[in-house]
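Letter by letter, the chains look like this.
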Amino acid sequence: MPPADTGASAVVADASAPSSPVSTTTAPSPSERLEPGRPGYRRMSFALFAAGVAAFALLYSTQALLPAISTAYGASAGQASWTVSAATGALALFVLPLSALSERFGRRQLMTASLAVAVLVGLLVPFAPSIGWLIALRAVQGAALAGLPASAMAYLAEEVRPKALIAAIGLFVAGNSIGGMSGRILTGWVAQAWGWRAALAAVGVLALACAVTFHVLIPRARNFRPGSLNPKALARTVATHLGNPLLVRLYAIGALFMTVFGAVYTVIGYRLVEEPFSLPQGVIGSIFLVYLVGTVSSAAAGRLVARLGRRGALYLAVSTTAAGLLLSLADSLAAVLAGLVLITAGFFAGHAVASSSVSRTATEGRAQASALYQSAYYLGSSAGGTLGAIAFHTGGWAATVALGLLAVVGVVSITLYGTRVARAERRALVPAAR
């Protein structure tokens, strides 16, 4: 078991450790791995950035449109929220089995296939005749996208030098934030001019362009070694990861961070369309420009960890998120915007730290380790979106904020527990050293 020196600390994975739970082939030397300045690193970064843009633009394409969807189908906020929760929930359920396919057929191949299917469904979504059909198509889309995140994390862990891993994952997460932002802004203004169906079609076209860019730029995997599709080996690998207390804490941290984020961004459109704000759809979509803050904070996660340590970076992220939640309670548009900026910055920094820690902690079965994190992460998103909408319907924005603060307390508790465990282990090692 890796030493649990913080709530989200990590051990740098041995560069020669196999990434497949069933592969018996020795991995290449770390000298063959990508790093800034080496050939292929920039292409890889742009390709995965484009994949992240496509994935998040598609995954959350209906989120900024929920008030319009509610009106079109005569659906409540809770019912409309399922157009988001169905996608993230399906992604959470399928990410582990699809990560197993990536162990057999390759990360690059599975990412390409996942994007292709998700884009195809994205081009069909605007024609959904009912709320039920829309939710069903969104679930299929989420299941297709499940092949991307865990495979991307495993691809980076295999192809990038360990010292450059946090920065590389930060760029992928930055692509997620750009995708989430551009998709919501695009849908907001297109919906205001031509309706929500045209807005969803525009997102499909954007995702198609990003998918083509990914396919053209992504370098061939040099360090991947295929394994067999052995269910027993997969089960053993998953059990090993779930038996690692550090990884379980990281999974819980990712889920709780995403619960906050899912609740806030699912409900914020309903709040801003009502009094005292009464904003039009295009302006509400532009609110998601605050995602640029997430792009900066996720890309800067490596520097935060270098300066503050993983535990310090997590505490900074969670305190920033909590401050944003409290600030958003004010009935002032400026205060709400400032609160969203803090929530977004805190969330993306915390997610980048936790996800990179998972990739570096797992020395075997990296795709499964990342898949379990993604499952927890997107289950948190699905739960946050649905519970946030229910809370808003029951008690208004204050109830949604209370839900977010409860999740924040969970992150702090887990990190504090990890700190206590780490101190106890260090004290136990002192007598042995003597």
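Each remark here, short or long, concerns the structure printed above.
No experiment lies behind these values; they were computed from the predicted model shown.

Peer 1: Looking at this structure, I do not really get the overall build of the protein chain. What am I missing?
Peer 2: Along the protein chain, the regular secondary structure elements total 16 helices and zero strands. Out of the 434 residues belonging to the protein chain, those deemed buried represent 59%. Within the protein chain, contacts between residues separated by at least 24 positions form 84% of all contacts whose residues are at least 6 apart in sequence. Only carbon and sulfur atoms are counted for the fraction: they give 68% of the accessible area of the protein chain, which is about 16,100 Å².

Peer 1: I keep staring at unusual backbone geometry and nothing clicks. Help me out?
Peer 2: Among all residues except glycine, the phi angle is most often negative; among peptide bonds, the trans geometry is most common. Between E275 and P276 the backbone carries a cis peptide bond, its omega angle lying at 5°. Positive phi, normally seen in glycine, also occurs at S278, with a value near 50°. By the element assignment, S278 lies in the loop between α10 (245-273) and α11 (281-286).

Peer 1: Whenever I open this one, the nonpolar core confuses me. Can you help?
Peer 2: One broad rule of soluble globular proteins: the nonpolar side chains tend to lie buried together. Formed by 125 residues in total, the largest nonpolar core has its most connected members in L48, L156 and Y265. No other element matches α10, which puts 16 residues into this core. The contact partners of Y265, leaving out residues within four places of it in the chain, are Q63, F288, V290, Y291, L340 and T344.

Peer 1: Teacher, can you tell me more about the side chain of R271 here?
Peer 2: On the secondary structure map, R271 appears in helix α10. Exposure remark for R271: the relative accessible area of 7% places this residue in the buried category. Reaching out from R271, the side chain makes a polar contact with the side chain of D331 at a distance of 3.2 Å.

Peer 1: Got a minute to help me understand a nonpolar patch on the surface in this structure?
Peer 2: On the surface, L123, V205, L208, V212 and V216 cluster together to form a nonpolar patch covering roughly 420 Å² of accessible area. Given the relative accessible area of 40%, L208 is considered partly exposed.

Peer 1: What should I look at first to understand the packing of helix α1 (residues 41-59) against helix α5 (residues 131-145) in this one?
Peer 2: Two quantities define a packed helix pair, namely the angle between the helix axes and the distance between the axes. One way to put it is that α1 packs onto α5 with a least axis distance of 10 Å and a crossing angle of 155°. What the angle tells us is that α1 and α5 run roughly antiparallel. Of the two possible hands of crossing, α1 and α5 adopt the one that is left-handed. In this structure, α1 contributes A55, L58 and L59 to the contact, and α5 contributes R138, Q141, G142 and L145. Class assignment of the residues belonging to the contact of α1 with α5 gives a composition of four nonpolar, two polar and one charged.

Peer 1: Where do I start with the pattern of salt bridges in this structure?
Peer 2: Close approach of charged atoms lets side chains of opposite charge pair. Overall, the coordinates contain two salt bridges when judged by the stated rule. The closest approach of N and O atoms between R107 and E158, which form a salt bridge, is 2.4 Å. One end of the pair, R107, is in helix α4 (residues 107-124); the other, E158, is in helix α6 (residues 149-159), and 51 residues separate them in sequence. One exposure class covers both R107 and E158, and it is buried. Among the ionic pairs, D331 bridges to R271, the shortest N-O distance being 3.2 Å. Separated by 60 residues along the polypeptide, D331 in the loop between α13 (301-327) and α14 (333-361) and R271 in helix α10 bring together distant segments of the chain. The class for D331 is exposed, based on a relative accessible area of 61%.

Peer 1: Sorry if this is basic, but what is going on with helix α8 (residues 196-217) here?
Peer 2: In an α-helix, one turn spans 3.6 residues; hence positions three or four apart end up facing the same way. Between its first and last C-alpha, α8 extends 32 Å over 22 residues, near the 32 Å set by a 1.5 Å rise per residue. Within the sequence span of α8, burial applies to W196, A199, L200, V203, G204, A207, C210, A211 and F214. Relative to the axis of α8, the buried residues are bounded by an arc of 140° and lie together on one face. Of the exposed residues in α8, those oriented more than 90 degrees away from the buried face are V205 and V216.

Peer 1: Any chance you could explain the environment of G410 here in plain terms?
Peer 2: Within the secondary structure, G410 sits in helix α16 (residues 397-433). Residues G410 and F257 lie 153 residues apart in sequence; the distance between their C-alpha atoms is 9.2 Å.

Peer 1: Would you explain the environment of S370 in this entry?
Peer 2: On the secondary structure map, S370 appears in helix α15 (residues 366-395). In the structure, S370 is positioned 216 residues away from A154 in sequence and 7.0 Å away in space, judged by C-alpha atoms.

Peer 1: So what exactly am I meant to see when it comes to the packing of aromatic side chains here?
Peer 2: Within this structure, the stated rule accounts for nine aromatic pairs. Centroid distance Y73 to W196: 5.5 Å. Interplanar angle 65°. Geometry classified as edge-to-face. Of this pair, Y73 sits in helix α2 (residues 66-73) while W196 sits in helix α8, and the two are 123 residues apart along the sequence. Considered together, Y73 and W196 belong to a single accessibility category, that of buried residues. Geometrically, the ring pair formed by F261 and Y265 is tilted, given 4.6 Å between the ring centres and 50° between the ring planes. With a gap of four residues between them, F261 and Y265 both fall in helix α10, about one helical turn apart. We note that F261, like Y265, is buried. Through a chain of ring-to-ring contacts, the aromatic side chains of F261, Y265, F347, F348, Y373, Y377 and Y378 assemble into a single cluster.

Cut-offs applied
Residues numbered from 1 in each chain as written. Predicted model: local features only at pLDDT ≥ 70, side-chain atom pairs only at ≥ 80, totals over all residues. Heavy atoms only, no water. Helix = DSSP H or I, 4+ residues; strand = E, 2+ residues; numbered from the N terminus. Buried < 20%, exposed > 50% of the residue type's maximum accessible area, 1.4 Å probe, protein only. Contact = heavy atoms within 4.5 Å. Areas by Shrake-Rupley, 256 points an atom, 1.4 Å probe, with all protein chains shown as cover. Core = buried A, V, L, I, M, F, W, Y, C linked by side-chain atoms within 4.5 Å. Polar contact = N/O pair within 3.5 Å; in protein donor to acceptor, adjacent residues only side chain to side chain. Patch = residues over 30% accessible without salt bridge, like charges linked within 9 Å, V, L, I, M, F, W, Y side chains within 5 Å. Salt bridge = Lys/Arg side-chain N within 4 Å of Asp/Glu carboxyl O. Axes fitted to C-alpha atoms, helices over the stretch in contact; angles between N-to-C directions. Parallel < 35°, antiparallel > 145°, perpendicular 65-115°, else oblique. Left-handed = near helix turned anticlockwise from the far one by under 90°. Nonpolar A, V, L, I, M, F, W, Y, C, P; charged D, E, K, R; others polar. Expected span 1.5 Å × (residues − 1). Arc of directions from axis to C-beta. Phe/Tyr/Trp six-rings, centres within 6.5 Å; stacked < 30°, edge-to-face > 60°.

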